[in-house]
Amino acid sequence: MSDASLDPLFSPRSIAIVGASDTPSRIGGVPVDLLKRMGWAGRVLPINPKSATVQGLPAFASLRDVGEPIDLAVFAVPQSAIDAAMDDAVAAGVRAAVVFTAGFAEVGGDGVAAQARLAARAREAGIRVVGPNCLGVMNCRERMYATFSPAPGIGVARPGSIGLVSQSGAFGAYAYSLARDRGIGLSVWASTGNEADVQVADVIAWMARDPHTSVIMAYIEGVRDGDRMRRALADAHAARKPVVVVKVGRTALGAQAAASHTASLAGDDAVYDALFRQYGVYRARDIEEFFNVAHGAAVAGLPRNDRIALFTLSGGVGAFMADEAATVGLDVAETAPAVQAEILSWVPFAAPRNPIDITGQVSQDPSLIERATRAVLGAGDYGAWLGFMAAAGAGNALWPVFQSLAEGLRRDHPGTLIAISTLFSPERRDRLAELGCLSFAEPADAVRTIGALARIGAALSRPVPPAIGDAPPASLRLAPGALDEPASLALLASHGVPTIDARVARDAAEAARIAVSVGTGARWAIKVVSPDLLHKTDVGGVKLGVAPGDAAAAFDAVTSAARDARPDARIDGALLAPMVAGGVECILGARVDPVFGPVVMFGLGGAFVEVLRDVSIRVAPITREDALAMIREVRAFPLLDGARGRPRCDLEALADALLALARLAMDARGTLESIDVNPFVVFARGAGPGGASALALDAVVIGRAAGPEGPR
């Protein structure tokens, strides 16, 4: 369904509360009380067959008795009454429903069947459902509170432009309370619970379209529908709306806890990281960062580049901020020489290079702050400016200077993010936020937030990544089980992955003929061919550096060793491949994630790749920019880039191979288990055998049976 189908959920004109209670503190009473007390402009329709009125409002015996269109129905009834309530909603023409009720998929057993029944009935009638087992939804701008959370009753969050969606009701209520206490303005809020219908992805997609939401916050425990999430993130990327997430389940224990809590599927956490990088989503490490980054984006926007000017009254704190800036990838670019000279003419003992330490001289001449800052920003292309003002914000003397600075810089340098680190009262922080200026007590928090915003800005400036729906249907069906090495290499070659020119010998005599066919100086790798032996070295099935005259003996050795180690294995001969010298060994791979489908992997090859885990991942389909980013992300990238005088490898050829591998994985999705290409050797441009720049020397492709749903 289109995200427009969520309009009745987030912006209803009428809300019916099924199970409405006269007691404001009961689950069925809280939403009635909140909607009345907060001044929501729509019509509140209590549904209670035992009462003529509820909290002073006329009550109805059923939804059908209302006799007029109902945008949203809130179900606050026991699980045993849900089927009848949904039948009533279908008959009444309800457009959306929030189901508070628990006891569904999260408890297993009959609850799973009950949830499936609820979802099917709603889907058949075209009713969008949030929940069950959820806290509901809110629209802070419209004062609409379809929730039983006590948080709004304690105090409402101010209206703003940040949308917040959480799979966990408890975390969602906590986040709402934090936003309220920190003065952070919210547009809409949602708790999706068990996600029988509406998922976090649907809410993100709706927020991407919502003109009143500029920043999206999401708490995610697991994703069921990877394609739906990709489309939602693509929508947010296309709308240039930052998405900031807390995704739990980084560890195996965390993933297990998240799955049991929400009955969600928790995929491989590295795949989530890859997905977020592809779509410019910022994954916060903790709740403080979660709010700092989202609030920063809503207040100040995104810096136009990663260059930052650091202004300080303390040389030590300036160095501290510079260190932190380098850690988060910000460029502390040196101030223009003419500006340095100008600052020194004002304060001869200043440090003007960047960080710009104007010293405590500002206590004698407060105008130095704005004069120096304007000189620096006027002569340099800085995406952000951060000023550390020590404890000056706690007093009144410099407050007019800070206000003037924030207002003037935002007006005259609209593409530069402005932030001040000092001790401000909440009221003064709010005033600066109104002027579009960020403020932080902790300078490190300021630098980290600006670094995060710069990364988001760079990611959202790239073209919108492809979604799964943009790819052609799967066109290749693999048989279950492993292909042998020759078949694996042939499949890779047919999809554009460059491979070694290898040949198969069926007996020792044929091995000898092949070995002498290219000249006496050649040396060969001779490997047993068997679909049953994925790790040939483990059974003595590999001989390296074999001279042509020894090829027959090597054939006998590898095939005999394999038969001895695995009498049950099918032996189809031996593969002869020319030995390759030089280049850098890499590993390329693909596998199928249960949530997001084909995933492509890159790393430096060798025996310890699984130990070092120096790899990068992307979810297919990928772009050339994705492929090049994967290559540069690994810690060992300097080995490919010409470190210590080594020849620089052909990175474009390597990117071509990754793109070809991703296309193969997409073509075979639904029947692909995994692809391992190790080693894949990359050379300087044209420096490999036969003028090649890259070659796959070994590969294993494993197929699986197609699921009942067919290929993804």
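None of the values given here were measured: they were computed from a predicted structure.

1. Some thoughts on the sheet that holds strand 16 (residues 356-357)
Backbone-to-backbone hydrogen bonds pair the strands of a sheet. The strands run either parallel or antiparallel.
Part 1: With respect to topology, 5 strands assemble into an open sheet ordered 16-15-17-18-19, the strand pairing being parallel. The outermost strands of the open sheet, each flanked by one partner alone, are strand 16 and strand 19 (438-440).
Part 2: Strands in contact with helix 14 (residues 367-379) are strand 15 (308-312), strand 16, strand 17 (384-388) and strand 18 (417-421); relative to strand 15, the strand with the most contacts, it is inclined by about 160 degrees.

2. With respect to the nonpolar core
Part 1: Of all hydrophobic cores here, the largest spans 60 residues; its most connected members are Leu9, Phe10, Val98, Val137, Ile204, Met229 and Phe596.
Part 2: If one sorts the elements of this core by residue count, helix 7 (residues 200-209) sits on top with 8 residues.

3. A word on the sheet that holds strand 5 (residues 72-75)
Part 1: Spatially, 2-1-5-6-7 is the arrangement adopted by the 5 strands of the open sheet, whose pairing is parallel. If you trace the sheet from one side to the other, it starts and ends with strand 2 (43-47) and strand 7 (128-130), each paired once. Each strand of the sheet is rotated relative to its neighbour by a mean of 20 degrees, with strand direction disregarded.
Part 2: Relative to strand 7, strand 6 (residues 96-99) runs parallel, the two being bridged by 3 bridges. Paired with Val98 across the strands is Val130, a residue of strand 7.
Part 3: The sheet contacts of helix 3 (residues 82-92) involve strand 1 (14-18), strand 5, strand 6 and strand 7, and relative to strand 5 the element is tilted by about 170 degrees.

4. Some words on the packing of helix 22 (residues 624-633) against helix 24 (residues 651-667)
Part 1: Here helix 22 crosses helix 24 at 115 degrees, and the two axes come no closer than 9 Å. Crossing angle aside, the handedness with which helix 22 passes helix 24 is right-handed. Residue-level inspection shows Arg624, Ala627, Leu628, Met630 and Ile631 of helix 22 in contact with helix 24, the latter providing Leu651, Glu652, Leu654, Ala655, Asp656, Leu658 and Leu659.
Part 2: Looking at side-chain class alone, the contact of helix 22 with helix 24 contains 9 nonpolar, no polar and 3 charged residues.

5. Here's the deal with the confidence of the model for the protein chain
Part 1: Of the residues in the protein chain, 94% have a pLDDT of 70 or more, and the chain-wide mean is 92.
Part 2: Confidence drops under pLDDT 50 across residues 253-267; counting only partners more than four residues distant or on other chains, this segment forms 27 contacts.

6. So, the packing of aromatic side chains
Part 1: All chains considered together, the criterion is met by 11 aromatic pairs.
Part 2: Both rings, one in Phe171 and one in Phe290, keep their centres 6.2 Å apart while their planes meet at 50 degrees; by these two values the pair is tilted. Of this pair, Phe171 sits in helix 6 (residues 169-181) while Phe290 sits in helix 11 (residues 287-300); the two residues are 119 residues apart in sequence, bridging distant segments of the chain. The burial state of Phe171 is the same as that of Phe290; both residues are buried.
Part 3: Centre to centre, the rings of Phe290 and Phe291 are 5.6 Å apart; their planes meet at 75 degrees, and the pair counts as edge-to-face.
Part 4: With a relative accessible area of 1%, Phe291 lands in the buried category.
Part 5: Following the ring pairs from residue to residue traces out a cluster consisting of Phe171, Tyr174, Tyr219, Phe290 and Phe291.
Part 6: Over the aromatic face of Tyr272 sits the side chain of Lys247, whose NZ or CZ is 4.4 Å from the ring centroid.
Part 7: A cation sits over an aromatic face here: Arg307 above Tyr382, 5.2 Å from the ring centre.

7. Digging into unusual backbone geometry
Part 1: Cis geometry is adopted by the peptide bond preceding Pro132, which originates at Gly131 and carries an omega value of -5 degrees.
Part 2: Along the polypeptide, Pro132 turns up in the loop between strand 7 and strand 8 (136-139).
Part 3: A positive phi is found at Arg644, a non-glycine position, where the angle reads about 50 degrees.
Part 4: With respect to the element layout, Arg644 can be found in the loop between helix 23 (637-640) and helix 24.

8. Some points on the packing of helix 12 (residues 315-327) against helix 17 (residues 443-461)
Part 1: Packing of helix 12 against helix 17 brings their axes to within 9 Å, and their N-to-C directions diverge by 30 degrees. Viewed along their axes, helix 12 and helix 17 adopt a mutual orientation that is roughly parallel. The two elements helix 12 and helix 17 cross, and the hand of that crossing is right-handed. For the pair helix 12 and helix 17, contact is made by Val317, Phe320, Met321, Glu324 and Ala325 and by Pro443, Ala444, Val447 and Arg448, respectively.

9. Side note on the pattern of salt bridges
Part 1: Applying the stated criterion to the full structure yields 43 salt bridges.
Part 2: Among the ionic pairs, Lys247 bridges to Asp269, the shortest N-O distance being 3.9 Å. Of the two residues, Lys247 is situated in strand 13 (residues 243-247) and Asp269 in helix 10 (residues 269-278); the sequence distance between them amounts to 22 residues.
Part 3: Judged by relative accessible area, Lys247 falls into the buried class, the value being 4%.
Part 4: Residues Glu633 and Arg277 are paired through a salt bridge, measuring 3.5 Å at the closest nitrogen-oxygen approach. Of this pair, Glu633 sits in helix 22 while Arg277 sits in helix 10, and the two are 356 residues apart along the sequence.
Part 5: The class for Arg277 is partly exposed, based on a relative accessible area of 34%.
Part 6: Each of Arg128, Asp197, Asp202, Asp225 and Arg228 takes part in salt bridges that share partners, so that together they form one network.

10. Here we look at the pairing of strand 22 (residues 524-528)
Part 1: With respect to burial, strand 22 is a largely interior element, 5 of its 5 residues being buried.
Part 2: Taking every second residue as pointing to the same face, both faces of strand 22 are buried, with Trp524, Ile526 and Val528 on one and Ala525 and Lys527 on the other.
Part 3: Two elements, strand 22 and strand 23 (residues 542-546), share 3 bridges in a ladder whose sense is antiparallel. Of the residues in strand 23, the one forming a bridge with Ile526 is Lys543.
Part 4: Pairing geometry for strand 22 and strand 24 (residues 574-578), over 5 bridges, is antiparallel. The residue of strand 24 that forms the bridge with Trp524 is Pro578.

11. Here's the deal with the pairing of strand 26 (residues 597-604)
Part 1: By the criterion of burial, strand 26 is predominantly enclosed, with 8 of the 8 residues buried.
Part 2: Alignment of strand 25 (residues 584-593) against strand 26, held across 8 bridges, turns out to be antiparallel. Bridge pairing in strand 26 links Leu588 to Phe602.
Part 3: From the end of strand 25 to the start of strand 26, which pair antiparallel, there are 3 residues.

12. A word on the state of the cysteines
Part 1: The full count for this structure, using the stated rule, is 0 disulfides.
Part 2: The structure places no disulfide on Cys649, whose sulfur is separated from the nearest cysteine sulfur, that of Cys586, by 6.9 Å.
Part 3: On the basis of relative accessible area, Cys649 is assigned to the buried category, the value being 3%.

13. Description of helix 2 (residues 30-37)
Part 1: Buried residues dominate helix 2, accounting for 6 of its 8 residues.
Part 2: For helix 2, every residue scored as buried is listed here: Val30, Pro31, Val32, Asp33, Leu34 and Leu35.
Part 3: Those residues of helix 2 that are buried are in contact with strand 1, strand 2, strand 4 (57-58), strand 9 (144-147) and helix 5 (151-154).
Part 4: Downstream of helix 2 by one or two residues, Gly39 has phi in the positive range, about 80 degrees.

14. Focus: the side chain of Arg618
Part 1: With respect to the element layout, Arg618 can be found in strand 27 (residues 615-619).
Part 2: A distance of 2.3 Å separates polar atoms of two side chains, one belonging to Arg618 and the other to Glu633.
Part 3: Excluding residues within four positions of it along the chain, Arg618 makes contact with Ala274, Arg277, Gln278, Val599, Val600, Asp626, Ala629, Met630 and Glu633.

Basis of the calculations
Residues numbered from 1 in each chain as written. Predicted model: local features only at pLDDT ≥ 70, side-chain atom pairs only at ≥ 80, totals over all residues. Heavy atoms only, no water. Pairing = 2+ DSSP bridges. Helix = DSSP H or I, 4+ residues; strand = E, 2+ residues; numbered from the N terminus. Contact = heavy atoms within 4.5 Å. Axes fitted to C-alpha atoms, helices over the stretch in contact; angles between N-to-C directions. Core = buried A, V, L, I, M, F, W, Y, C linked by side-chain atoms within 4.5 Å. Buried < 20%, exposed > 50% of the residue type's maximum accessible area, 1.4 Å probe, protein only. Left-handed = near helix turned anticlockwise from the far one by under 90°. Nonpolar A, V, L, I, M, F, W, Y, C, P; charged D, E, K, R; others polar. pLDDT = per-residue confidence, 0-100. Phe/Tyr/Trp six-rings, centres within 6.5 Å; stacked < 30°, edge-to-face > 60°. Lys NZ or Arg CZ within 6 Å of the ring centre and 35° of its normal. Parallel < 35°, antiparallel > 145°, perpendicular 65-115°, else oblique. Salt bridge = Lys/Arg side-chain N within 4 Å of Asp/Glu carboxyl O. Disulfide = S-S within 2.5 Å. Polar contact = N/O pair within 3.5 Å; in protein donor to acceptor, adjacent residues only side chain to side chain.

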